[in-house]
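# Coordinate analysis (summary)
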Amino acid sequence: MLTAAKMHAPADALKDRVVLITGASGGLGDAAARACAAAGATVVLLGRRVPKLNRLYDAIAASGPTPAIYPLDLEGATPTDYEQLATNIANECGRLDGVLHTAASFKGLSSLANTPPEDCIRGLHVNLSAPLLLTQACLPLLNAATDSAVVFNVNDTAATARAFWGSYGVAQQGLRGLIKVLADELSSGPVRIHGLQPGPMRTALRARAWSSEDASQWPQASAYAAACVWLLSAAARKHHGEVVEAQP
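As a starting point, this report considers the structure included with it. No experiment lies behind these values; they were computed from the predicted model shown. (Residues numbered from 1 in each chain as written. Predicted model: local features only at pLDDT ≥ 70, side-chain atom pairs only at ≥ 80, totals over all residues. Heavy atoms only, no water.)

### Some words on the pattern of salt bridges
What counts is decided by this rule: Salt bridges are defined by distance alone: a side-chain nitrogen of Lys or Arg within 4 Å of a carboxyl oxygen of Asp or Glu. For the purposes of this entry, the term helix denotes a DSSP run of H or I that reaches at least four residues, the term strand denotes a run of E that reaches at least two, and both are numbered from the N terminus.
Throughout the structure, instances matching the rule amount to seven salt bridges. Salt-bridge contacts for Arg95 lead to Asp97; the nearest nitrogen and oxygen are separated by 2.6 Å. The shortest N-O distance in the salt bridge between Arg192 and Asp147 comes to 2.9 Å. A residue pair is termed long-range when its members are at least 10 positions apart, and Arg192 in strand S7 (residues 191-198) and Asp147 in the loop between helix H4 (117-143) and strand S6 (148-153) qualify at 45 residues. A single salt-bridge network, built from bridges that share partners, covers Arg17, Asp147, Arg192 and Arg237.

Here you go:
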């Protein structure tokens, strides 16, 4: 296990790189986008909450490379949407050097028997099949870079592979399998595959699962932003295929 402090990349670690961040309007996605821009990256902000994306855009544009906004609700996205996303990034940015998956869907603890089928399908799609298909669509661009990375944000399986975590818990197991398969297939090319398992943080998702705890005991998502930058940078190359556990 590494502390976030040890996941330290140079100040300009992402200079001239283009990084796509899913769930950019969420806690970790927002913090990671700011950190990636501060490290020199042009960030593509993908999310479904346009007002939040606009505020994030303004904050980043005021002090770093001008970002791009790509509104997309992963719940209803199709393979065609992901292909169009990759085409737009190629046309507007000219390259893609990294993808950071932070988008997640979790409505709260519930038994599978009492979960509406549409919620099961949404959880599996947003948390597993969407990052798979989006990554697949972006692979040609990532393979064209000299060094690129795909980072999947994952949760602790000891906590989520249990009763009442529903399709979110199932998807977490699938994400780890996806990381292994992709890492094996891409072992000889320029694309690195990483998993990031942050420690507890103050987010809306955690609040839905642990509603009775004192959330103030945990750090903000920004405590893990530097770890995201590090994994996206060339400094993490030797950790290809690994799920890195980070503590603040």
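### Overview of the layout of surface pockets
The following threshold applies: Here a cavity means grid points, on a 1 Å grid over the protein atoms only, where a 1.4 Å probe fits yet cannot get out; a pocket means an open set of points with protein on both sides within 12 Å along at least five of seven lines; lining residues are those with an atom within 4 Å of a point. Grid points are joined across faces, edges and corners, and a volume is the space filled by probe spheres set on the points. Gly is placed with the polar residues, together with every amino acid not listed as nonpolar (Ala, Val, Leu, Ile, Met, Phe, Trp, Tyr, Cys and Pro) or charged (Asp, Glu, Lys and Arg).
Reported here for the second largest pocket is a volume of approximately 230 Å³. Considering the residues around the second largest pocket, the lining is formed by 18 residues, among which Lys107, Gly108, Thr115, Asp119 and Ser167 are closest to the centre. With four residues, the top contributor of residues to the lining of the second largest pocket is H4. For the lining of the second largest pocket, the residue count by class is six nonpolar, nine polar and three charged.

### With respect to the packing of helix H3 (residues 79-93) against H4
A pair of packed helices is captured by two measures, namely the crossing angle of their axes and the spacing between those axes. Note the cut-off: Between N-to-C directions, angles cover 0 to 180 degrees, with each direction set by a line fitted to C-alpha atoms, over the stretch in contact for helices. Note on angle classes: values under 35 degrees are labelled roughly parallel, values over 145 roughly antiparallel, values of 65 to 115 roughly perpendicular, and the remainder oblique. Should the near helix be turned counterclockwise from the far one by less than a right angle, the crossing is left-handed, whereas a clockwise turn marks it as right-handed. Working rule for contacts: check all heavy atoms of both residues, and any pair within 4.5 Å makes them a contact.
Interhelical geometry of H3 versus H4 gives an angle of 40 degrees and a closest axis separation of 9 Å. As summarised for this structure, H3 and H4 are arranged oblique, according to the angle between their axes. Two packed elements cross with a definite hand, and for H3 against H4 that hand is right-handed. Taken together, the residues of H4 that come into contact with H3 (itself represented by Pro79, Tyr82, Glu83, Leu85, Ala86, Ile89 and Ala90) are His125, Ala130, Leu133, Leu134, Ala137 and Leu141. For the contact of H3 with H4, a count of residues per class yields eleven nonpolar, one polar and one charged.

### Quick notes on the packing of helix H1 (residues 27-38) against helix H2 (residues 50-61)
In the contact formed by H1 and H2, the axes pass within 10 Å of each other and the chain directions differ by 20 degrees. With respect to H2, the element H1 is oriented roughly parallel. In this structure, H1 meets H2 at a crossing whose hand is right-handed. Taken together, the residues of H2 that come into contact with H1 (itself represented by Asp30, Ala33, Arg34 and Ala37) are Leu56, Ala59 and Ile60. Here the contact of H1 with H2 is composed, by residue class, of five nonpolar, no polar and two charged.

### Section: the nonpolar core
Applicable threshold: Here the nonpolar core consists of buried residues drawn from Ala, Val, Leu, Ile, Met, Phe, Trp, Tyr and Cys, with membership extended through side-chain atoms lying within 4.5 Å. Each residue is placed in one exposure class: buried if its accessible area under a 1.4 Å probe, protein chains only, is under 20% of its type's maximum, exposed if it is over 50%, and partly exposed if it falls in between.
Residues Ile21, Cys36, Leu45 and Leu232 are the most contacted members of the largest nonpolar core, which totals 35 residues. When residues of this core are traced back to their parent elements, those giving at least two are strand S2 (18-22), H1, strand S3 (42-47), H2, S6, helix H8 (225-232) and strand S8 (243-247). Broken down by element, the residue count for this core peaks at six residues, all from H8. Not counting residues within four places of it along the chain, the set of residues in contact with Ile21 comprises Gly29, Ala32, Ala33, Cys36, Val43, Val44, Leu45, Leu46, Leu100 and Thr102.

### Focus: the packing of aromatic side chains
For any pair of aromatic rings, the description rests on two quantities: the centre-to-centre distance and the angle between the ring planes. In plain terms, the rule: A pair of aromatic rings is counted whenever rings of Phe, Tyr or Trp (Trp by its six-membered ring) have centres within 6.5 Å, and the orientation is called stacked for planes under 30 degrees apart, edge-to-face for over 60 and tilted otherwise.
Evaluated as defined, the whole model comprises three aromatic pairs. Ring centres of Phe106 and Trp165 lie 5.1 Å apart, and the angle between their planes is 20 degrees; on these two criteria the pair is classed as stacked. With Phe106 in the loop between strand S5 (98-101) and H4 and Trp165 in the loop between helix H5 (157-160) and helix H6 (166-185), this pair connects stretches of sequence that are 59 residues apart. The exposure class assigned to Trp165 is buried, which follows from its relative accessible area of 7%. Ring geometry for Phe106 and Tyr168: centres 5.2 Å apart, planes at 55 degrees, overall tilted. A residue pair is termed long-range when its members are at least 10 positions apart, and Phe106 in the loop between S5 and H4 and Tyr168 in helix H6 qualify at 62 residues.

### Comments concerning the environment of Leu231
Inspection of the secondary structure puts Leu231 in helix H8. In this structure the C-alpha to C-alpha distance between Leu231 and Ile193, which are 38 residues apart in sequence, comes to 9.1 Å.

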